[in-house]
Amino acid sequence: MNRIIQTLTISIFMAALWTGDIFAAGSAEDYWPAWRGPLGSGVSPTGNPPATWSETQNIQWKVPVPGKGTSSPIVWADRIFFVTAVETDRQGKPEPTPRADANAPAPFHGGKTPKNVYKFDMVCLDRATGHTLWQKTVREEVPHEGHHPDHGFASYSPVTDGNHVWASFGSRGVHCYDVNGVHQWSRDLGRMTTKMMFGEGSSPALAGNTLIVVMDHEGESFIYALDKSTGQMLWKQARDEDTAWATPAVAAVNGTLQVIVSATNRIRSYDLRTGEMIWQCGGQTQNVIPSPIVSNGLVFCTSGFRGSELQAIELGHTGDLTDTRAVRWRVNKATPYVPSPILYGDNLYVCSMNKAAVSCYHAETGRLNFAEEDLDAVKDIYASPVGAAGRVYFVGRKGVTQVIRNAEKLDILATNRLNDEFDASPAIAGNQIFLKGKRNLYCIRQR
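None of these values were measured; they are calculated from a predicted model. (Residues numbered from 1 in each chain as written. Predicted model: local features only at pLDDT ≥ 70, side-chain atom pairs only at ≥ 80, totals over all residues. Heavy atoms only, no water.)

Okay, the overall build of the protein chain next. Tallying secondary structure elements over the protein chain gives one helix and 34 strands in all. Relative to its full complement of 447 residues, the protein chain shows a buried share of 61%. By sequence separation, contacts in the protein chain at least 24 residues apart represent 59% of the contacts at least 6 residues apart. (Helix = DSSP H or I, 4+ residues; strand = E, 2+ residues; numbered from the N terminus. Buried < 20%, exposed > 50% of the residue type's maximum accessible area, 1.4 Å probe, protein only. Contact = heavy atoms within 4.5 Å.)

Right, dumping it as structure tokens:
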């Protein structure tokens, strides 16, 4: 319990945390307020969803998903939010955006610039029924570049504090609505040119009154701090980085809130108030996607493209921490490319590349509990695992979820199958787990 309390104390993702208004609108079980949940670790501390389900078992409701996008759902009280991109039959021409590097590699797997206009929408569903409460179009345009076939134009996950919901569409701006769908503000932060037209997708993060947006791409990269109420820019810092997709984390260190961003050249930590860099650390691989996790004075950063790297970095230091004692432990084998890790109590779980070959480490010491144990039914995995009630849920791309016990030895509790494909990460709130597939959003609950 002490670990949960301490982790909650330093969590970015419960927006009310920094204002002293935690859970003012309800109980903790009502919330999955942002990407990676209320603790920023992938764990719901009070959730207890089913361990087993199928198309005919423990489905509270199932509704079609409008448009396309791998945005993960978030939950607050009686509402669910996500973003999507809806292709229209109207054609047009995007405004030309010169790529930063004229000699850049060709788009991957035919990531061609589209010709049709897209509607970029924020969606709100009723949690009890799945019925659409509102769907708002924040922008309509022809995207200026394409994306990887496994990606999309709506890969960012939104964030909420229970009163408002914020979403970034990257090149299509940052937008704020209240939970009833009334527009509050929008801010354009410029267009991105991503590596090989892979696409965009670093979700915004919320800490108190500040919204953090990272735009790492092939042009000039920046991190922005915006006033959550008005969209006014509080600060902006240039970043020496190319395309990355990791969502930032926030930690309270000696009374100062730090924004921690993982990327290829450096992991960097910024003072939330001023934007000044506090520390940096090298060592990650290319194309960083997994998001950092903060707990008990450590931040865990990992990546897995063209190499493997997992670092446990001790907070409280300043300057360049590369290859110093501040890196308490590290691993250079079998780390994830797309899925973020999950930290559950003392156990840190990572996948190997995009395979459900799971390794588990003791978070404080780096001791290996088990290595590259195959979840054979899951196979390929993009979704980040989630945990609750002593269980960890791994959702595969082809509709299979395997549930394991949170333990130092692999113990598979259940194998579940749905008739959909899943790249978005799940959300857990109370006794429900929400799985957003390419075609449908499922609410799973013990029936």
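Further remarks concern the sheet that holds strand E8 (residues 164–168). The antiparallel open sheet is built from four strands, whose spatial order is E7-E8-E9-E10. What marks the edges here is a single partner per strand, and that holds for strand E7 (159–160) and strand E10 (183–187). Sheet topology note: the E8/strand E9 (residues 174–178) ladder contains five bridges and is antiparallel. Paired with Ala-167 across the strands is His-175, a residue of E9. (Pairing = 2+ DSSP bridges.)

Next up on the list: the nonpolar core. Among the nonpolar cores identified, the biggest contains 30 residues, and Phe-434, Leu-435 and Leu-441 are the most heavily contacted of them. Counting residues per element, the ones that place at least two in this core are strand E2 (59–64), strand E4 (79–91), strand E5 (116–126), strand E28 (386–388), strand E29 (391–395), strand E32 (427–429), strand E33 (432–436) and strand E34 (440–445). With four residues, E34 is the largest single contributor of residues to this core. Excluding anything up to four places from it in sequence, Leu-435 contacts Trp-53, Val-395, Thr-401, Leu-418, Phe-422, Pro-426, Asn-440, Leu-441, Tyr-442 and Ile-444. Core analysis: the next-biggest nonpolar cluster, separate from the first, contains 17 residues, Ala-85, Tyr-118, Trp-134 and Tyr-177 among them. (Core = buried A, V, L, I, M, F, W, Y, C linked by side-chain atoms within 4.5 Å.)

This part is about the sheet that holds strand E17 (residues 267–271). Read across the open sheet, the five strands follow the order E15-E16-E17-E18-E22; overall the sheet is mixed. A strand with exactly one partner marks an edge of an open sheet, and here the two such strands are strand E15 (249–253) and strand E22 (319–320).

Here the focus is the packing of aromatic side chains. Going through the model one piece at a time under the given rule, you end up with 16 aromatic pairs. Centroid distance Trp-61 to Phe-434: 6.2 Å. Interplanar angle 45°. Geometry classified as tilted. Note that Trp-61 is positioned in strand E2 and Phe-434 in strand E33, a separation of 373 residues in sequence. Here Trp-61 matches Phe-434 in class, with each residue buried. Between Tyr-118 and Phe-153, the aromatic rings sit 5.0 Å apart at their centres with planes inclined by 70°, giving edge-to-face as the arrangement. With a gap of 35 residues between them, Tyr-118 in strand E5 and Phe-153 in the loop between strand E6 (132–141) and E7 connect regions that are remote in the sequence. Judged on exposure class, the residue Tyr-118 and its partner Phe-153 are both buried. Site record: aromatic cluster; members linked through ring pairs are Tyr-118, Phe-120, Phe-153 and Phe-169. Taking NZ or CZ as reference, Arg-36 lies 5.5 Å from the ring centre of Trp-35, over its face. (Phe/Tyr/Trp six-rings, centres within 6.5 Å; stacked < 30°, edge-to-face > 60°. Lys NZ or Arg CZ within 6 Å of the ring centre and 35° of its normal.)

Let us now look at the pairing of strand E25 (residues 347–352). For E25, the buried fraction is high: six of the six residues fall into the buried class. Burial of E25 is two-sided: the residues Asn-347, Tyr-349 and Cys-351 facing one way and the residues Leu-348, Val-350 and Ser-352 facing the other way are all buried. Sheet topology note: the strand E24 (residues 342–344)/E25 ladder contains three bridges and is antiparallel. The partner of Tyr-344 across the bridge, within E25, is Asn-347. Across six bridges, E25 lies against strand E26 (residues 355–362) in antiparallel orientation. Bridging from a neighbouring strand, Cys-351 pairs with Val-358 of E26. Between E25 and E26, which pair antiparallel and follow one another directly, the connecting turn spans two residues, one of which, Met-353, has a positive phi of 55°.

Note on placement: Tyr-224 falls in strand E13 (residues 221–227). Measuring from C-alpha to C-alpha, the distance between Tyr-224 and Ala-238 comes to 9.0 Å, with 14 residues separating the pair along the chain. Beyond its immediate stretch of four places on either side in the chain, Tyr-224 contacts Leu-189, Leu-211, Ile-212, Val-213, Met-215, Met-233, Trp-235 and Lys-236.

Among all residues except glycine, the phi angle is most often negative; among peptide bonds, the trans geometry is most common. For Arg-36, which is not glycine, the phi dihedral falls at a positive 75°. Position of Arg-36 relative to the elements: it lies in the loop between strand E1 (31–32) and E2. Residue Arg-36 is classed as buried on the basis of its relative accessible area of 3%.

Before going further, it helps to spend a moment on empty space enclosed by the protein. Enumeration according to the criterion identifies three cavities of 30 Å³ or more in this entry. In this structure, the largest cavity occupies an estimated 80 Å³ of space. Of the residues belonging to the lining of the largest cavity, the class tally is three nonpolar, five polar and three charged. (1 Å grid on protein atoms, 1.4 Å probe; cavity = no way out; pocket = protein on both sides within 12 Å on 5 of 7 lines; lining within 4 Å. Points joined across faces, edges and corners; volume = space filled by probe spheres on them. Nonpolar A, V, L, I, M, F, W, Y, C, P; charged D, E, K, R; others polar.)

Once that is clear, we can look at the layout of surface pockets. Using a probe with the size of a water molecule, rolled over the atoms, empty space left in the structure can be pinpointed. Within this model, the second largest pocket holds a volume of roughly 390 Å³. Taken together, 21 residues form the lining of the second largest pocket, with Lys-68, Gly-69, His-147, His-151 and Gly-152 sitting closest to its centre. Residue composition of the lining of the second largest pocket, by class: seven nonpolar, seven polar and seven charged.

Keep in mind that these numbers describe shape and distance, not what the molecule does.
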